Amino acid sequence: MEPQPGTGMLKVVNEFAGYTHNVKCRPFPLQEDITMSVPRSHAENPSDTFPTECEVAINKLVDTCLPHLSGRELVNRAMCWCTDTVDSQWLICEHPRFKNMILATGDSGHTFKMFPVVGKQVADLIENKVTLTSSTRV
């Protein structure tokens with residue numbers, strides 16, 4: 001990313017899947033609870049940052065690609081829950097806590113560019129024109 005105007009701060013991201021926060025929940029339309037990874041809200045957990053291995057990986061990236069910035073302190077560290085899925089497939093379901101809120105996410109951080117493709121399936125789910133099961137793929 002380009003440095004932010006006025007601050008010169010540069011955003012660096014460790015963009016790999018692998019971190020989880022497993023809790024029991026009931027994704028739509030399942031009739032029983034399952035355990036799945038659900039992001040922690042920064043609003044509810046403001047002291048969350050990220051695992052040490054992320055810092056090591058980011059520092060290695062900076063050392064390799066931006067050596068003139070090596071050794072600089074990392075600031076504003078936070079875990080970005082970009083909702084990667086284990087198999088990089090979509091997750092389309094009702095929110096486990098807020099009924100009637102439909103989630104269409106996953107796909108390893110490429111969700112936004114895929115909205116035109118998946119939009120009809122999401123609209124059909126919202127309008128009850130399709131029933132998903134735990135093994136449905138779109």
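Within each chain, residues carry numbers counting from 1 in the order of the written sequence. Two thresholds apply to this predicted model, a pLDDT of at least 70 for residue-level local features and 80 or more for giving and counting side-chain atom pairs, whereas whole-chain, interface and lining totals are computed over all residues. To obtain the side-chain values, all non-hydrogen atoms of the structure were used and water was disregarded.

Draft legend 1. Quick look at the overall build of the protein chain. Counting from the N terminus, the helices are DSSP H or I runs at least four residues long and the strands are E runs at least two residues long. Across its full length, the protein chain holds two helices and four strands. Taken from the N to the C terminus, the helices and strands of the protein chain come in the order β-β-α-β-β-α. Burial classes follow relative accessibility: with a 1.4 Å probe on protein chains only, a residue under 20% of its type's maximum area counts as buried, one over 50% as exposed, and anything between as partly exposed. Relative to its 138 residues, the protein chain shows a buried fraction of 17%. Should any heavy atoms of two residues lie within 4.5 Å, those residues are considered in contact. By sequence separation, contacts in the protein chain at least 24 residues apart represent 44% of the contacts at least 6 residues apart. To measure how exposed things are, a 1.4 Å probe is used in the Shrake-Rupley method; for residues, cover is taken only from the protein chains shown. Entry remark: accessible area of the protein chain is about 10300 Å², with carbon and sulfur atoms responsible for 56%.

Draft legend 2. Broad picture of helix 1 (residues 52–65). In this model, helix 1 (14 residues) spans 20 Å end to end at C-alpha, consistent with the 20 Å of a helix rising 1.5 Å per residue. All of the buried residues in helix 1 are Cys-54, Ile-58 and Val-62. When helix 1 is viewed along its axis, its buried side chains cluster within an angular range of 70° and face the same direction. Facing away from the buried side of helix 1 by more than 90 degrees, the exposed set consists of Thr-52, Glu-53, Val-56, Lys-60 and Thr-64. An expected span of 1.5 Å times one less than the residue number is assigned to each helix. Of all possible arcs, the one meant is that of the directions from the helix axis to the C-beta atoms.

Draft legend 3. Expanded view of the environment of Glu-55. Here Glu-55 shows up in helix 1. Taking the C-alpha atoms as reference, Glu-55 lies 8.9 Å from Arg-77; in sequence the two are 22 residues apart. Setting aside residues no more than four positions away along its own chain, Glu-55 makes contact with Phe-50, Leu-74 and Arg-77. The definition of a polar contact used here is a pair of N or O atoms within 3.5 Å, where within protein one atom must be able to donate a hydrogen and the other to accept one, and adjacent residues in sequence count solely through side-chain atom pairs. A distance of 2.7 Å separates the side chain of Glu-55 from the side chain of Arg-77, its partner in a polar contact.

Draft legend 4. Looking closely at the confidence of the model for the protein chain. Mean pLDDT over the protein chain works out to 78, with 81% of the residues at or above the 70 mark. Confidence of the predictor at the level of single residues is captured by pLDDT, which takes values from 0 to 100. Of all secondary-structure elements in the protein chain, the lowest mean pLDDT belongs to strand 4 (residues 102–106), at 75, while helix 1 reaches the highest, 90.

Draft legend 5. Local environment of unusual backbone geometry. Positive phi is not limited to glycine here, since Asn-76 has a value of about 55°. Structurally, Asn-76 is set in the loop between helix 1 and strand 3 (90–94). Residue classification places Asn-76 among the exposed residues on the basis of a relative accessible area of 66%.

Draft legend 6. Layout of the side chain of Asp-124. Within the secondary structure layout, Asp-124 lies in helix 2 (residues 111–126). Classification of Asp-124 by relative accessible area gives buried; the value is 17%. Once residues within four sequence positions are removed from consideration, Asp-124 is found in contact with Lys-129 and Val-130.

Draft legend 7. Broad picture of the environment of Thr-20. Within the secondary structure, Thr-20 sits in the segment before strand 1 (22–25). As for Thr-20 and Val-38, which are separated by 18 residues in sequence, their C-alpha atoms are 7.3 Å apart.

Draft legend 8. Geometry of the nonpolar core. Trp-90, Ile-92, Val-118, Val-122 and Leu-125 together form the largest nonpolar core, which totals five residues. Every element with two or more residues in this core is listed here: strand 3 and helix 2. Per-element accounting of this core gives the leading share, three residues, to helix 2. Not counting the four nearest positions on each side in its chain, Val-118 is found in contact with Trp-90 and Ile-92. Among the buried residues, those of types Ala, Val, Leu, Ile, Met, Phe, Trp, Tyr and Cys that are joined through side-chain atoms within 4.5 Å form a nonpolar core.

Draft legend 9. A look at the environment of Thr-35. By the element assignment, Thr-35 lies in strand 2 (residues 34–37). For Thr-35, the residues in contact, after removing those within four places along its chain, are Asn-22, Val-23 and Lys-24.

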